Amino acid sequence: MTFSSDLELKSFVLLRLGERRFAVAADGTAELVAPSRVFRFPHKTAKIEGVILRRGRIVPVCDIAERLIGKYLTSRRFYLIALRHYGQRTEWVALPVTGECELISAELTPASASDEPHVAGWLSHGGDVIEVLNLDALTPGSNEFLPYPAAQNEVGARPAHLGKAEASP
Amino acid sequence: MTPMQAPVKSGPLRSEQIILFRIGEQLFALSSSSVQEVRSADSLCGGAYEISAPGVDKVRQFVRRGANTLFLVSGAAHFDLCAPDGILAFVLRNTRTALLVDSIEKMTAMTRLQALPLSFCHEERQWYRGLTALDQTVVPVVRPEGFLSDEELMKLDAALPPPESASEEPEAQDDNGDFGMELN
């Protein structure tokens, strides 16, 4: 019996940011999409560029390159659509990446106490040691309850706090 | 990988009438039922008085309407946009806000309002009810109550001159043929 036989192989998506590669858990990703129009509007959350429309959903675009490699991506980018947890809730976020992604199976070495919060662990692939990312620590968002209830998908179902002035037609 | 599902559509969708408007180049939406009046800023500002409240730079004028005080909020300053103060004023129902905007794009209807993604975690959560997709464009739907917080209203109230000093101010009227319309 070898040490490695006790370890479990897991699926990861390798993504490229500039010259560096990172990994995210495959079960927390949905798809890699070609560059599309980013809709921008005023807001105060750093690192959020705007939103894209994907399969009828509005997905925020979060640039993680600046934090991970120290600069924004300037080359042609794709978006890796990945899950981000907010307490009990999850939502998709679009991560700009450089080029194609790769699906691999590898053993995860858990992060140590000295690793940064955005490091979920490490894996070895193709002679490289690659960071596995914890997107919950890497992308903005609060896990706390928010002061206003979430909007409903159908506009007829309106939050009670909006009062008569906001009553649906 | 986990497939990303399209939103589930449940039954016939209800629609909500909205006004699409611009501040600078930026497009916003607002429920038409939350707009009490649309006036030209000139006609509203004609009866306005200056006000300066610390930390509330987006409000520089107010008007009295009977017992009520309306604060003219610069939409450009509120959203931190590089644009001059708007030339139209939306008097927002059940608020003390008259919002200055640049133009009305059109009136239309939305059938879906998506909550603001949780990645947005700062003041914008007070600014917007959510986002809607119209003609393959995403438009933020503003929250009428989000232009002036309770704290800002307290500061503004504290900065108001005594009512008697403004008692001769005429209520803003459409007596000069200026553009103005009541909604709903």
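Our subject is the structure that appears above.
Residues numbered from 1 in each chain as written. Chains lettered and ligands numbered in written order. Predicted model: local features only at pLDDT ≥ 70, side-chain atom pairs only at ≥ 80, totals over all residues.

*Asks:* For this particular structure, what's the right way to read the overall build of chain A?
*Replies:* Tallying secondary structure elements over chain A gives two helices and eleven strands in all. Each helix (α) and strand (β) of chain A, taken in turn from the N terminus, gives the series β-β-β-β-β-α-β-β-β-β-β-β-α. Within chain A, buried positions represent 31% of all 169 residues. (Helix = DSSP H or I, 4+ residues; strand = E, 2+ residues; numbered from the N terminus. Buried ≥ 20, exposed ≤ 12 C-beta atoms within 10 Å, placed from the backbone.)

*Asks:* I tried to follow the overall build of chain B on my own but got confused; where do I start?
*Replies:* When you go through chain B residue by residue, the secondary structure sums to four helices and twelve strands. Put simply, chain B has 184 residues, and 42% of those count as buried. Restricting to contacts in chain B with at least 6 residues of sequence separation, those with at least 24 account for 62%. (Contact = placed C-beta atoms within 7 Å.)

*Asks:* How should I be thinking about the interface of chain B and chain A in this particular structure?
*Replies:* Much of the literature gives interface size as the accessible area that the parts lose upon coming together. Between chain B and chain A, the residue contacts involve 44 residues of the former and 49 residues of the latter. Listed by contribution, the elements that provide at least two residues to the side of chain B that touches chain A are β1 (16-23), β2 (26-31), α3 (124-127), β10 (128-134) and β11 (137-142) of chain B. By residue number, the principal contributor to the side of chain B that touches chain A is β10(B), which donates four residues. Of the residues contributing to the side of chain B that touches chain A, the split by class is 20 nonpolar, 15 polar and nine charged. (Nonpolar A, V, L, I, M, F, W, Y, C, P; charged D, E, K, R; others polar.)

*Asks:* What should I look at first to understand the sheet that holds strand β9 (residues 109-110) of chain A in this one?
*Replies:* For sheets, the rule is that strands pair by backbone hydrogen bonds, running either parallel or antiparallel. All names here are of chain A. Spatially, β8-β1-β2-β11-β10-β9 is the arrangement adopted by the six strands of the open sheet, whose pairing is mixed. Each having just a single partner strand, β8 (102-107) and β9 make up the two edges of the open sheet. Sheet topology places strand β1 (residues 9-17) next to β8; six bridges connect them, and they run antiparallel. Looking across to β8, one finds that Ser-11 is bridged to Ser-105. (Pairing = 2+ DSSP bridges.)

*Asks:* Looking at this structure, how should I read the pairing of strand β8 (residues 97-101) of chain B?
*Replies:* A regular strand carries its side chains on alternate faces of the sheet. Residues and elements named next belong to chain B. Counting buried residues in β8 gives five out of five residues, a clear majority hidden from the surface. Here β8 shows two buried faces, one formed by Thr-97, Leu-99 and Val-101 and the other by Ala-98 and Leu-100. Pairing analysis gives four bridges linking strand β6 (residues 68-74) to β8, with the strands arranged parallel. Counterpart to Leu-72 in the pairing with β8 is Ala-98. Pairing between strand β7 (residues 88-92) and β8: four bridges, direction antiparallel. Within the sheet, the bridge partner assigned to Leu-88 lies in β8 and is Val-101. Counting the residues that bridge the hairpin from β7 to β8 gives four residues, and of these Asn-94 lies at a positive phi of roughly 60°.

*Asks:* So what exactly am I meant to see when it comes to unusual backbone geometry here?
*Replies:* For residues that are not glycine, phi is negative in most cases, and the peptide bond is trans in most cases. One non-glycine residue, Lys47(A), lies in positive phi territory at about 80°. Among the residues examined, Lys47(A) registers 16 C-beta atoms within 10 Å and is labelled partly exposed.

*Asks:* Help me out: how do you make sense of the pairing of strand β7 (residues 89-98) of chain A in this one?
*Replies:* All names here are of chain A. Among the ten residues of β7, seven are classified as buried, and the element is accordingly described as predominantly covered. The pairing of strand β6 (residues 77-86) with β7 spans ten bridges and is antiparallel. The residue bridging Leu-80 from the neighbouring strand is Leu-95, located in β7. Linking β6 back to β7 in an antiparallel pair, the connection comprises two residues, with Gly-87 at a positive phi of about 60°.

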